[in-house]
Amino acid sequence: MNPLSYEDHFYLKDSDLRKILDMALSRGGDFAEIFLEHRTFSLINMEEDIIKDTSESISLGLGIRVNSGEKTGYAYTNDIAIEKINRASLTAASIAAGGPAQRSLPLSSAPLPHNYYQVIDPAHKSSLQDKISLVRRTYEAAYSFDPKIKKVKASLVDYIQNVRIINSEGLDRTDGRPLIKLVCLAVAEHANKREGGYCGGGGRVGLEYFRDVLTPEEIGQGAAEESLHLLEAVLPPAGEMPVVLAPGHSGVLIHEAVGHLLEADFNRKKTSIFWDKMGTRVGRPSLTIYDDPTLQGFRGSYNMDDEGTTPQKTPLIVNGKLVGLLQDRLSSRLMGLPVTGHGRRQDYTCIPIPRMSNTFIDKGEYDPGEIIKSVNKGFYALKYQGGQVEDSGKFTFSVSSGFLIEDGHLTSPVKQATLIGTNIDILKKIVKVGADLQFGFQTGTCGKEGQAVPVTDGCPTLKIAQMTVGGQT
Amino acid sequence: MTKAKASQLIALGEHLVSKGLSLGADEVEVSILEGTEFSVDVRMGQIETLLEAGSRGLSLRVIKDQKTAHASSSDLDRTQLEYLIRNAVRRAELASRDECAGLPQLEKKHIESSSLLLYDPEIPLLDPKDKIALALETERIGLSDKRITNSHGATLETRAMRTFLINSSGFRRDYEETFCSLGLGLQAGDTDNKVEGSWSSAKRHFSSLETPEKIASTCIERTVRQLHPKKIRTQIAPVIFEPPMTSWLMGFLCLCVSGTAIYQRASFLADKLGKKVAGEEIFVSDDGLMPGMLGTAPFDSEGVPSQKTEIIEGGILKNYLCNTYAAKKLKVRATGNADGSGIGPHNLYLHKGTDSPDTIISTLDKGLILIRTIGYGLNPINGDISRGAFGLWVEKGEIIYPVSEITISGNLGQILRAIEMIGNDLEFRSPIAGPTIKISGLTLAGA
């Protein structure tokens, strides 16, 4: 489909937009913003040896936000008739108590300073046949890997999200964000046991990624290998023990245990356990954690956040000391701290809130092999289903596959374990940080307050001195 | 919604159905959803966010030579939609032939949506000021308890929507429905010893929402009872599931009896139809026809009339939940559980037993009352469960202290056979529900 300009979709001139902003400020609000979005989305599904379904979606709408002190008024519409937009504007305006009307500043548009998307062959302009071929190759690689593989599902999803943000301070910015992911689920069966394996890749990249970085064959085989690995796996021992986290996928621990509780809104509201610990030491000197929305081609990256702010690589913990928060405009203003470009939203139906992008523990100095050797009896966590944290700092994450560590060696494969802990406790127990920083699959999505956004996370091999592992007694 | 507007949307759907047929599709299905929503978040006695919106969306499915394609759009511009349907027919040609593809046959049975009490005319007329006041009042009561140290705020939401479904087999119906909810989240304890809890009430009718007093007092109780938790040593012990935890377990069962998971062999209950999968006293049903309930609807997203489906009867697995496609795959009848391109429950519940929750607790010599879990750790492929857990430790029938930082692990197949007692406290707080239950033994991992 031809990418249309916003004017074509919304029939709105700059002068109309200024009028809408002024209307949004007519009750005395101190900030108004219009978020315009047009997204086209495509999906291809293959299972049972056939291309079962394809899907195409168009999402078009706009959201109007008004701030008045700590309060936010929000209204959205996907009916782009001017009377509907005006009504949305007045609805959002009503959050302000009725002070003197404010005026918006003239719009000044400027191109974004950086391009973090790495696209040669854009998915949304590629032929359906080319995309189907990637899905088929993935499927066949998994299915033909071993006769024990009984079911395979492969799918490709991609979108292009065109966003324009204008606000009453005169900001006028646009961003066209591509995103693609190719994933495979394989189910292996043998001797009355049934296990699933998963693998995938993608990012803010073009189809060339599946030629140059990660091939469909590697994705299909990866899923098949995991399901076969799990057929051999035993349930983990239960109790407290040393845990070694594999590089890459284990980044979910940092995402859950640390990242969420350093989102500024939880600290402004003092619901996060970290709110009174800024500037204090929370980990050993070898521990440094960043959130970086500027990694080239990464799934969590963006050229501007969903408030039009230029994103920055943001240090959260440096040499064990808590130094930073992930900020959006509202929290940064109320806390008197600089914005970091982490105000994100799922789509035009949602208000922006502080979110992670690509979160990782920076590399340390230990050789990963040495780290495993240092454990006499423990657990090695390799791949994960996901995790969850609450503001009190208690978190869990679900390990889909791993190994036992016995006498400094990885031995039996292990499935379905849960790791649980409290973040301030675990941060202190990260006793060794490996030199092998890696990132997990470029397929992850993070949920907060009902909003899903694409993210990645990463870490080097880590040793946690002691952690509760849930399994069998 | 005005009559004129409704007939405009029906006309749009009919236009697209005939457009699709004229472009060469064998079958076309169009569904349109139009609705309004309101929500207010209040925190520390102030409005935090106020949201009001109207939205609509259209989705369509075309089938040509047993090949399927889907499309959807929030832009209802005719030119745009005609472009989408043309593209969908073209894409269908590139998909593979699938003998199970197709729309359901038109059924004579028709359920009058008015008899299902899905719509509360009061909801669209509520004054935003009253709704804000209700949220503020709920939080105020929550914060008035001295043991409460912080608030996640209270939220009141209302929604009204109308669903239209039009297809080339002659189906042409619509229904209106409303939802409302009021919820609160609280914290107790100082910064390094925080515990948190939440409680909410969700209904279709505004007048049946729980009062701010009820929601706040329940939330306070559920928060403070977790203060000063202990870890327990790793062991196997009997576990009592509170009703929200039984609902959570039934939610996992729901994934495992979805016809899609069955034909994909992604469920441990594949090939188990007619077999014993649970104790004799276990009855699980899905009922789409219970008047006024959250999961009730006259028909599913393909137009198949809702029904009551017995899933487990006396421990025997009786039925899977199926849309038309999964039903053809499994050579059974569709159960009216199509939900978009997937399968979803209506009101799915574990039937109640005869014991009061207090009686059940009094039988616990040493064990855990499970009150909350966090994390993922559900694997439908083999039924394995492994989650972070919060609970209350019981000895000799008395609660003695709260427990945190433990995990529970087990297997749904085994749990269904290990349900020793079933409570009489079934309440439909969400589309998936269940009473208090007692499980003979689960692994608890602690220190």
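Note that this is a predicted model, so its numbers are computed, not measured. (Residues numbered from 1 in each chain as written. Chains lettered and ligands numbered in written order. Predicted model: local features only at pLDDT ≥ 70, side-chain atom pairs only at ≥ 80, totals over all residues. Heavy atoms only, no water.)

### Focus on the pattern of salt bridges
Residues and elements named next belong to chain A.
Thinking step 1. Under the counting rule described, the total for this entry stands at 53 salt bridges over all chains.
Thinking step 2. Of the charged contacts in the structure, one is a salt bridge between Glu189 and Arg194, with a shortest N-O distance of 2.9 Å.
Thinking step 3. By relative accessible area, which is 17% here, Glu189 ends up buried.
Thinking step 4. Given the relative accessible area of 14%, Arg194 is considered buried. (Salt bridge = Lys/Arg side-chain N within 4 Å of Asp/Glu carboxyl O. Buried < 20%, exposed > 50% of the residue type's maximum accessible area, 1.4 Å probe, protein only.)

### Some points on the interface of chain B and chain A
Thinking step 1. Taken together, the contact between chain B and chain A spans 77 residues of the former and 81 residues of the latter.
Thinking step 2. With both chains or domains summed, chain B and chain A bury close to 6,300 Å², and 47% of this area falls on carbon and sulfur atoms.
Thinking step 3. The tally of links between chain B and chain A comes to nine salt bridges.
Thinking step 4. Between Glu240 of chain A and Lys231 of chain B there is a salt bridge, and its shortest N-O distance comes to 2.7 Å.
Thinking step 5. Partitioned by chemical class, the residues of the side of chain B that touches chain A number 24 nonpolar, 31 polar and 22 charged.
Thinking step 6. Here four bridges tie strand S2 (residues 50-68) of chain A to strand S3 (residues 67-73) of chain B, and the two strands are oriented parallel to one another. Along S3 of chain B, the bridge assignment pairs Ile58 of chain A with Ser73 of chain B. (Contact = heavy atoms within 4.5 Å. Buried area = accessible area lost by both parts, 1.4 Å probe. Nonpolar A, V, L, I, M, F, W, Y, C, P; charged D, E, K, R; others polar. Pairing = 2+ DSSP bridges. Helix = DSSP H or I, 4+ residues; strand = E, 2+ residues; numbered from the N terminus.)

### Digging into the sheet that holds strand S13 (residues 347-350) of chain B
Residues and elements named next belong to chain B.
Thinking step 1. Spatially, S10-S9-S8-S13-S19 is the arrangement adopted by the five strands of the open sheet, whose pairing is mixed. Where the open sheet ends on each side, the last strands, each with one partner, are strand S10 (316-317) and strand S19 (432-433).
Thinking step 2. Here two bridges tie strand S9 (residues 308-313) to S10, and the two strands are oriented antiparallel to one another. Each residue of the ladder has a partner; that of Ile312, found in S10, is Leu317.

### Looking at the environment of Ile51 of chain A
Thinking step 1. If you trace the backbone, Ile51 of chain A turns up in strand S2.
Thinking step 2. Each C-alpha atom of the pair Ile51 of chain A and Ser155 of chain A lies 9.4 Å from the other, and the pair is 104 residues apart in sequence.
Thinking step 3. Ile51 of chain A has contacts with Ile44, Asn45, Met46, Ile132 and Arg136 of chain A together with Ala95 and Ser96 of chain B, leaving out every residue within four places of it along the chain.

### Let's talk about helix H2 (residues 78-94) of chain B
Because each turn of an α-helix spans 3.6 residues, side chains separated by three or four positions end up pointing in the same direction.
Thinking step 1. Taking 1.5 Å as the rise per residue, H2 of chain B with 17 residues should run 24 Å; its terminal C-alpha atoms sit 25 Å apart, in good agreement.
Thinking step 2. Every buried residue of H2 of chain B is accounted for by Gln80, Leu81, Glu82, Leu84, Ile85, Asn87, Ala88, Val89, Arg91 and Ala92 of chain B. (Expected span 1.5 Å × (residues − 1).)

### Concerning the pairing of strand S21 (residues 451-454) of chain A
All names here are of chain A.
Thinking step 1. Pairing analysis gives four bridges linking strand S20 (residues 445-448) to S21, with the strands arranged antiparallel. What sits directly across from Thr445, in S21, is Pro454.
Thinking step 2. Between S20 and S21, which pair antiparallel one after the other, the connecting turn spans two residues, and Glu449 there sits at a positive phi close to 50°.

### Section: the packing of aromatic side chains
Thinking step 1. Overall, the coordinates contain 13 aromatic pairs over all chains when judged by the stated rule.
Thinking step 2. Plain terms: the ring middles of Tyr209 of chain A and Phe210 of chain A are 5.1 Å apart, the flat faces sit at 80° to each other, and that makes the pair edge-to-face.
Thinking step 3. What makes Phe210 of chain A buried here is its relative accessible area of 1%.
Thinking step 4. For the pair Tyr175 of chain B and Phe299 of chain B, a centre-to-centre distance of 5.2 Å together with 85° between the ring planes defines the contact as edge-to-face. Residue Tyr175 of chain B is located in strand S5 (residues 172-188), and its partner Phe299 of chain B is located in the loop between strand S8 (284-287) and S9; the two are separated by 124 residues in the primary sequence.
Thinking step 5. Tyr175 of chain B gets classed as buried once you look at its relative accessible area, which sits at 9%.
Thinking step 6. Residue classification places Phe299 of chain B among the buried residues on the basis of a relative accessible area of 7%.
Thinking step 7. A network of ring pairs unites the aromatic residues Tyr290, Phe298, Phe360 and Phe439 of chain A as a single cluster.
Thinking step 8. Lying over the aromatic face of Tyr290 of chain A, Lys313 of chain A brings its terminal NZ or CZ to 4.3 Å of the ring centre.
Thinking step 9. Here the basic side chain of Lys131 of chain B rests over the ring of Phe38 of chain B, its NZ or CZ set 3.9 Å away from the ring centre. (Phe/Tyr/Trp six-rings, centres within 6.5 Å; stacked < 30°, edge-to-face > 60°. Lys NZ or Arg CZ within 6 Å of the ring centre and 35° of its normal.)

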